[in-house]
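# Observations on the model geometry
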Amino acid sequence: MAKMWEGRTSADTSQIADDFNSSIRVDSRMYKADITGSMAHAAMLGECGIIPVSEADQIIDGLEGILADIESGALQIDPDAEDIHMFVEDVLTKRIGDAGKRLHTARSRNDQVTLDLRMHLRDDIDGILSGMRSLIEAILEIAGDNKMTVMPGYTHLQRAQPVTFAHHLMAYAMMFTRDIDRLICSKKRMNVSPIGCCALAGTTYPTNRRKESEALGFDDICLNSLDGVSDRDYVIELVSDLAILMMHLSRLSEEIILWSSWEFRFVQLSDAFTTGSSIMPQKKNSDMAELVRGKTGRVYGHLMGLLTVMKGIPLAYNKDMQEDKEAVFDAVDTVKACLDVFAPMIATMQVLPQNMMKAAQEGFINATDVADYLVRKGLPFRSAYKISGRLVSKCIDEGKVLETLTLDEYREFSELFDEDIYDAVDLTNCTMRRISEGGTSPESFDKQKEFVLNAIKDLK
Ligand code: ARG
């Protein structure tokens with residue numbers, strides 16, 4: 001196939017090589033960024049007197065037409081083109097003639113591709129942030145309804161101390177808030193323009209990089225042309241943010257899967273977000289949560305893939321870097337799809353507080369509160385801890401729980417026990433009274449909610 005870069009070599013590359021080289025299947029999604037970037041470039045070339053203003057206007061009109069036609073479906077992106085940049089330029093030249101050939105003055109595909117990718121990904125980040133907002137809103141909603149719902153908190157997956165379901169969910173809201181913060185920071189670092197770095201060394205044309213970049217909404221420009229065309233930190237940084245985000249989603253998925261099991265029965269997912277088994281009629285499977293957990297692996301894989309692609313590349317552009325897009329786009333698509341399913345899945349989840357309370361009552365998770373009670377009566381914590389441990393042993397031997405031991409039984413272990421022990425071991429009291437900042441009390445929930453709401457308030 002004839003190539004625009006024909007010159008030094010003939011264009012007679014083999015079909016196999018053309019297919020192998022082509023990235024249009026992956027990068028066609030950047031058509032809007034590519035066209036918008038080219039419009040700003042043409043305008044800059046005209047303003048700086050590098051090409052005649054009339055031809056710059058012709059280019060801009062032509063590009064506007066191409067964008068409109070792609071969006072309306074009147075123009076199909078050619079799957080045999082080399083990449084989206086060549087496709088757009090080729091169509092432009094066919095439509096407007098010689099003026100189209102002036103567009104690629106004072107730039108190269110090397111700065112063009114990374115410009116397009118930065119523009120495309122910053123919009124993707126906005127999309128992910130809005131998905132995160134919906135997820136956090138869904139969490140706040142259920143958490144708000146469960147400020148008083150007592151459940152066992154676990155360490156080592158052993159029942160440890162009582163917490164509220166709200167407190168447990170808010171731990172995830174905190175993680176997602178940090179994810180949001182990371183994405184915002186990454187977007188800021190990403191929003192620096194490489195256009196005008198040209199192939200690798202800048203240009204002798206009197207360009208105005210800053211004006212062009214400002215027109216495209218960038219905060220700054222890359223100050224070293226070699227770095228500008230060969231930096232893919234912003235891609236790796238985004239995918240690492242996404243890998244952490246997926247790790248959080250995966251942990252929550254794992255909990256939802258456990259909670260939905262008959263062994264826990266803490267929640268029941270809506271039929272709309274579960275599947276049945278083809279053979280076992282009683283089954284209701286948490287496939288969505290399992291898929292989110294499973295898809296975490298692909299995002300981690302893309303992170304490792306990208307780090308490995310970049311690790312041995314000498315400056316500046318090398319074709320290896322074309323591999324960046326497939327990885328980052330799949331990571332972005334995966335995260336978006338997971339967020340799309342996750343927010344409604346948890347919003348429609350039925351919480352079963354009685355089962356949570358029952359589990360909380362069975363695990364002696366108020367044993368620490370017995371020890372704390374004795375400490376309040378003057379005993380050193382270590383001695384109190386021993387007495388509480390012996391009481392738990394007695395309960396296990398005799399099939400009792402701390403709430404139902406008689407006062408006489410308590411007193412066999414320490415004279416310090418009084419009627420008020422029952423108030424101290426009441427599971428709801430145990431959670432509501434953990435008033436230390438960040439603890440399980442309702443006041444603490446309110447503070448966390450305020451913090452999280454503040455983090456999402458400016459997100460679309
Ligand atoms: N499709 C290429 C990519 O994604 C565009 C850059 C090509 N530059 C070059 N010098 N061949 O990386």
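Presented here is an overview of the structure given in this document. All values reported here derive from a predicted model rather than from experimental measurement.

### A short note on empty space enclosed by the protein
Counting across every chain of the model gives 1 cavity of 30 Å³ or more. In this structure, the largest cavity encloses a volume near 30 Å³. In terms of lining residues, the largest cavity is bounded by Lys-147, Thr-164, Ala-166, His-167, Thr-440, Ser-441, Pro-442 and Phe-445. Elements supplying a minimum of two residues to the lining of the largest cavity: helix H7 (165-190) and helix H19 (442-456). Classifying every residue of the lining of the largest cavity gives 3 nonpolar, 4 polar and 1 charged.

### Description of the site of the ligand
Every residue close to the ligand is listed here: Ser-23, Asp-27, Asp-83, His-85, Arg-109, Asn-110, Val-113, Tyr-317, Gln-322 and Lys-325. Here Asn-110 contributes a side-chain N or O atom positioned 2.9 Å from a nitrogen atom of the ligand. One of the side-chain N or O atoms of Lys-325 is found 2.8 Å from an oxygen atom in the ligand. Summarising the interface, the protein chains cover 86% of the accessible area of the ligand, which totals 340 Å² for the free molecule. Per element, the largest residue contribution to the shell around the ligand is 3 residues, and it comes from helix H6 (residues 109-145). Residue composition of the shell around the ligand, grouped by class: 2 nonpolar, 4 polar and 4 charged.

### Observations concerning the packing of helix H10 (residues 233-260) against helix H11 (residues 287-310)
Describing two packed helices takes the angle between their axes plus the distance from one axis to the other. Relative to each other, H10 and H11 sit at 160°, their axes nearing to 8 Å. Judged by the angle between their axes, H10 and H11 are roughly antiparallel. The interaxial crossing formed by H10 with H11 has left-handed handedness. The class makeup of the residues in the contact of H10 with H11 is 17 nonpolar, 5 polar and 4 charged.

### What about the pattern of salt bridges?
The final tally for this structure, using the stated rule, is 35 salt bridges. Across the pair Glu-362 and Arg-159 runs a salt bridge, and its minimum N-O distance is 3.8 Å. Of this pair, Glu-362 sits in the loop between helix H13 (353-361) and helix H14 (367-376) while Arg-159 sits in strand S2 (residues 158-164), and the two are 203 residues apart along the sequence. For Lys-394, the salt bridge is made with Glu-409, and the minimal N-O distance between the two is 3.7 Å. In this pair, Lys-394 sits in helix H15 (residues 381-398) while Glu-409 sits in helix H16 (residues 407-413), placing the two residues 15 residues apart along the sequence. Each member of the pair Lys-394 and Glu-409 is classed as buried.

### Some words on helix H4 (residues 53-72)
Here H4 is 20 residues long and its end C-alpha atoms lie 28 Å apart, about the 28 Å a rise of 1.5 Å per residue gives. Of the positions making up H4, those classed as buried are Glu-55, Ala-56, Ile-59, Ile-60, Gly-62, Leu-63, Ile-66, Leu-67 and Ile-70. With its buried residues spanning 165° around the axis, H4 presents them on a single face. Structural note: H4 exposes Ser-54, Asp-61 and Ser-72 on the side pointing more than 90 degrees away from its buried face. Close packing links the buried residues of H4 with helix H3 (31-47) and helix H5 (84-96). Among the residues trailing H4, Gly-73 stands out with phi positive, at a value near 90°.

### Section: H13
Regarding H13, the residues found buried are Met-356, Ala-359 and Ala-360. Projection of H13 onto a plane perpendicular to its axis shows the buried side chains occupying an angular sector of 100°, all on one side. Elements in contact with the buried residues of H13: strand S1 (150-155), S2, H7, strand S5 (267-268), strand S6 (350-351) and helix H18 (427-432).

Parameters at a glance
Residues numbered from 1 in each chain as written. Predicted model: local features only at pLDDT ≥ 70, side-chain atom pairs only at ≥ 80, totals over all residues. Heavy atoms only, no water. 1 Å grid on protein atoms, 1.4 Å probe; cavity = no way out; pocket = protein on both sides within 12 Å on 5 of 7 lines; lining within 4 Å. Points joined across faces, edges and corners; volume = space filled by probe spheres on them. Helix = DSSP H or I, 4+ residues; strand = E, 2+ residues; numbered from the N terminus. Nonpolar A, V, L, I, M, F, W, Y, C, P; charged D, E, K, R; others polar. Near = heavy atom within 4 Å. Polar contact = N/O pair within 3.5 Å; in protein donor to acceptor, adjacent residues only side chain to side chain. Areas by Shrake-Rupley, 256 points an atom, 1.4 Å probe, with all protein chains shown as cover. Axes fitted to C-alpha atoms, helices over the stretch in contact; angles between N-to-C directions. Parallel < 35°, antiparallel > 145°, perpendicular 65-115°, else oblique. Left-handed = near helix turned anticlockwise from the far one by under 90°. Salt bridge = Lys/Arg side-chain N within 4 Å of Asp/Glu carboxyl O. Buried < 20%, exposed > 50% of the residue type's maximum accessible area, 1.4 Å probe, protein only. Expected span 1.5 Å × (residues − 1). Arc of directions from axis to C-beta. Contact = heavy atoms within 4.5 Å.

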